[in-house]
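# Geometric and topological summary
What follows is the residue order along each chain.
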Amino acid sequence: NAGVTQTPKFRILKIGQSMTLQCAQDMNHNYMYWYRQDPGMGLKLIYYSVGAGITDKGEVPNGYNVSRSTTEDFPLRLELAAPSQTSVYFCASSYRRGVTGRSTNSTDTQYFGPGTRLTVL
Amino acid sequence: AQKITQTQPGMFVQEKEAVTLDCTYDTSDPSYGLFWYKQPSSGEMIFLIYQGSYDQQNATEGRYSLNFQKARKSANLVISASQLGDSAMYFCAMRDVNAGKSTFGDGTTLTVKP
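In this text, all values refer to a predicted model and were calculated from it rather than measured experimentally.

Check the secondary structure of chain B and you find 0 helices and 12 strands. The helix and strand sequence of chain B, counted from the amino end, reads β-β-β-β-β-β-β-β-β-β-β-β. Over its C-alpha trace chain B gives a radius of gyration of 14 Å, about what one expects of a compact globule, namely 13 Å for 114 residues. In terms of its C-alpha atoms, chain B occupies a principal-axis envelope of roughly 45 × 25 × 20 Å. Of the contacts made within chain B by residues no fewer than 6 positions apart, 54% connect residues no fewer than 24 positions apart. Accessible area for chain B stands at about 5200 Å²; split by element, carbon and sulfur atoms hold 49% of it.

Here is the structure:
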């Protein structure tokens, strides 16, 4: 298994340009996530998906869009790049059974991709 | 809303000694998961250990253990017998079991001295 893969590894954009960050997983995970990590900070959730066709906003969704047409892929779209979007972007996935009430060990662990370092100038 | 607080921006430990990295959390959900991740200078996020809110025993994974005190809402990471390769940023995270959202702390940078 390749796990979670992200492309590209690095990208420099000009203000106002758009691009799509690609994320794919081959672990048949139902949940997928996009985070951004600013220098010296923790990860902030941008969007997440609980399955194909279902997405929801996280903590910092403005300026981004996502889609989930397949279980494997979860691309993140930046429409009008701004310097504030300079960050490292991580994609992650996890597998959750339909659990209510009690947490089940090892089914909620998120596995991360290697990250995409994006600079907007 | 969930919140994770890591109060130690940086920590130093002597090689082969134990170190505790602090994490406190806040949530109104009765069911949640707590995680620790390691981020070395290369940038990848490495899962270390997980604790479920209903687990009776503290989680352990090799040299890592999680000191879970539910009433105090703390989930400290203990690393025993520190190694030079343990030098990295460490993140505490909480997961809403039902909604699927995760919240990360701002991290603690651990430096292991030879």
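Here we come to the confidence of the model for chain A. Of all residues in chain A, 91% attain a pLDDT of 70 or more, and the chain-wide mean is 90. Ignoring residues within four places in sequence, the model shows residues 99–106 of chain A, a span with pLDDT below 50, making 22 contacts including any to other chains.

Before going further, it helps to spend a moment on the packing of aromatic side chains. All names here are of chain A. One pass over the full model with this rule turns up 14 aromatic pairs over all chains. With a centroid separation of 5.7 Å and an interplanar angle of 40 degrees, the aromatic rings of tyrosine 35 and phenylalanine 112 are classed as tilted. Highlighted residues: tyrosine 35 in strand β4 (residues 31–37) and phenylalanine 112 in strand β10 (residues 111–112), separated in sequence by 77 residues. Exposure remark for phenylalanine 112: the relative accessible area of 12% places this residue in the buried category.

Here the focus is the sheet that holds strand β1 (residues 4–7) of chain A. Residues and elements named next belong to chain A. With antiparallel pairing, 4 strands are arranged side by side in an open sheet as β1-β3-β8-β7. The sheet is open, and its two borders are formed by β1 and β7 (64–66), each paired with just one other strand. Between one strand and the next, the sheet's axes are offset by a mean angle of 20 degrees, whatever the strand orientation. Sheet analysis places β1 next to strand β3 (residues 19–25), joined by 4 bridges and oriented antiparallel. By the bridge assignment for β3, threonine 5 is matched with alanine 24.

Here we come to the state of the cysteines. In this structure the tally under the stated criterion is 2 disulfides over all chains. Note on cysteine connectivity: cysteine 23 of chain A is disulfide-linked to cysteine 91 of chain A, with sulfurs 1.8 Å apart. On the sign convention where negative means left-handed, the S-S torsion of about -70 degrees between cysteine 23 of chain A and cysteine 91 of chain A marks this disulfide as left-handed. Of this pair, cysteine 23 of chain A sits in strand β3 while cysteine 91 of chain A sits in strand β9 (residues 87–94); the two residues are 68 residues apart in sequence, bridging distant segments of the chain. The class for cysteine 91 of chain A is buried, based on a relative accessible area of 0%. Between cysteine 23 of chain B and cysteine 92 of chain B runs a disulfide, and the two sulfur atoms are separated by 2.0 Å.

Contacts between chain A and chain B engage 26 residues on the former and 24 residues on the latter. Across the chain A to chain B interface the summed buried area is about 2100 Å²; carbon plus sulfur atoms make up 49%. In this assembly, chain A and chain B are joined by 0 salt bridges. Taken together, the links from chain A to chain B amount to 5 residue pairs in polar contact (both at pLDDT 80 or more).

Here is what the cut-offs are and how they apply
- Residues numbered from 1 in each chain as written.
- Chains lettered and ligands numbered in written order.
- Predicted model: local features only at pLDDT ≥ 70, side-chain atom pairs only at ≥ 80, totals over all residues.
- Heavy atoms only, no water.
- Helix = DSSP H or I, 4+ residues; strand = E, 2+ residues; numbered from the N terminus.
- Rg over C-alpha atoms; globule rule 2.2 N^0.38 Å.
- Contact = heavy atoms within 4.5 Å.
- Areas by Shrake-Rupley, 256 points an atom, 1.4 Å probe, with all protein chains shown as cover.
- pLDDT = per-residue confidence, 0-100.
- Phe/Tyr/Trp six-rings, centres within 6.5 Å; stacked < 30°, edge-to-face > 60°.
- Buried < 20%, exposed > 50% of the residue type's maximum accessible area, 1.4 Å probe, protein only.
- Pairing = 2+ DSSP bridges.
- Axes fitted to C-alpha atoms, helices over the stretch in contact; angles between N-to-C directions.
- Disulfide = S-S within 2.5 Å.
- Buried area = accessible area lost by both parts, 1.4 Å probe.
- Salt bridge = Lys/Arg side-chain N within 4 Å of Asp/Glu carboxyl O.
- Polar contact = N/O pair within 3.5 Å; in protein donor to acceptor, adjacent residues only side chain to side chain.

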